[in-house]
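One-letter residues, chain by chain:
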Amino acid sequence: MCRVSCESASVGVLLHPTGNGRRLLLVSERTGHRALLDATVLDALCTLTPSALTALVRAAVQEGAPA
């Protein structure tokens, strides 16, 4: 496992075997939320511009914010 962190977040990254190949398992150390990402998702993320990535993260943060 490796850890990617900054001043506001820390995420564990593991290689996770599945029946359809390996995925990246991401685990938020703050919330415990998990996500499995396959190569298709990672490839799509690589095509996004910095502003599109910022909008994606902003939308995810706002969605998770308490009302």
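Residues numbered from 1 in each chain as written. Predicted model: local features only at pLDDT ≥ 70, side-chain atom pairs only at ≥ 80, totals over all residues. Heavy atoms only, no water.

Asks: Even after reading the chapter, I still don't get the pattern of salt bridges, so can you show me in this structure?
Replies: Two side chains carrying opposite charge are able to pair once their charged atoms lie near each other. Counted according to the given criterion, the structure contains one salt bridge. With a shortest N-O distance of 2.7 Å, E29 and R3 are connected by a salt bridge. Taken together, the positions of E29 in the loop between strand 3 (21–28) and strand 4 (34–37) and R3 in strand 1 (residues 2–5) put the pair 26 residues apart, joining distant regions of the chain. Residue E29 is classed as partly exposed on the basis of its relative accessible area of 39%. (Salt bridge = Lys/Arg side-chain N within 4 Å of Asp/Glu carboxyl O. Helix = DSSP H or I, 4+ residues; strand = E, 2+ residues; numbered from the N terminus. Buried < 20%, exposed > 50% of the residue type's maximum accessible area, 1.4 Å probe, protein only.)

Asks: Teacher, can you tell me more about helix 1 (residues 39–47) here?
Replies: Along an α-helix, a turn takes 3.6 residues, which lines up residues three or four apart on a common side. Counting buried residues in helix 1 gives zero out of nine residues, a small share hidden from the surface. At the N-terminal end of helix 1, a side-chain oxygen is found 3.1 Å from the backbone nitrogen of T40, two or three residues along, and the residue is D38. (Polar contact = N/O pair within 3.5 Å; in protein donor to acceptor, adjacent residues only side chain to side chain.)

Asks: What is the right way to look at a nonpolar patch on the surface in this model?
Replies: Nonpolar side chains collect at one region of the surface, where V41, L45, L48, L53 and L56 lie side by side and expose about 350 Å² of accessible area between them. For the nonpolar patch, the secondary structure elements donating two or more residues are helix 1 and helix 2 (50–64). Looking at the secondary structure, you find L53 in helix 2. (Patch = residues over 30% accessible without salt bridge, like charges linked within 9 Å, V, L, I, M, F, W, Y side chains within 5 Å. Areas by Shrake-Rupley, 256 points an atom, 1.4 Å probe, with all protein chains shown as cover.)

Asks: Quick question: what am I supposed to make of the pairing of strand 3 here?
Replies: The side chains of a regular strand alternate, first on one face of the sheet and then on the other. The pairing of strand 2 (residues 10–18) with strand 3 spans eight bridges and is antiparallel. Residue pairing for strand 3: G12 is matched across the bridge by V27. The loop that links strand 2 with its antiparallel partner strand 3 comprises two residues. Direction of pairing for strand 3 relative to strand 4: antiparallel, over a ladder of four bridges. The residue of strand 4 that forms the bridge with L26 is A35. Counted along the chain from strand 3 to the antiparallel partner strand 4, the turn is five residues long, and its residue G32 has a positive phi close to 85°. (Pairing = 2+ DSSP bridges.)

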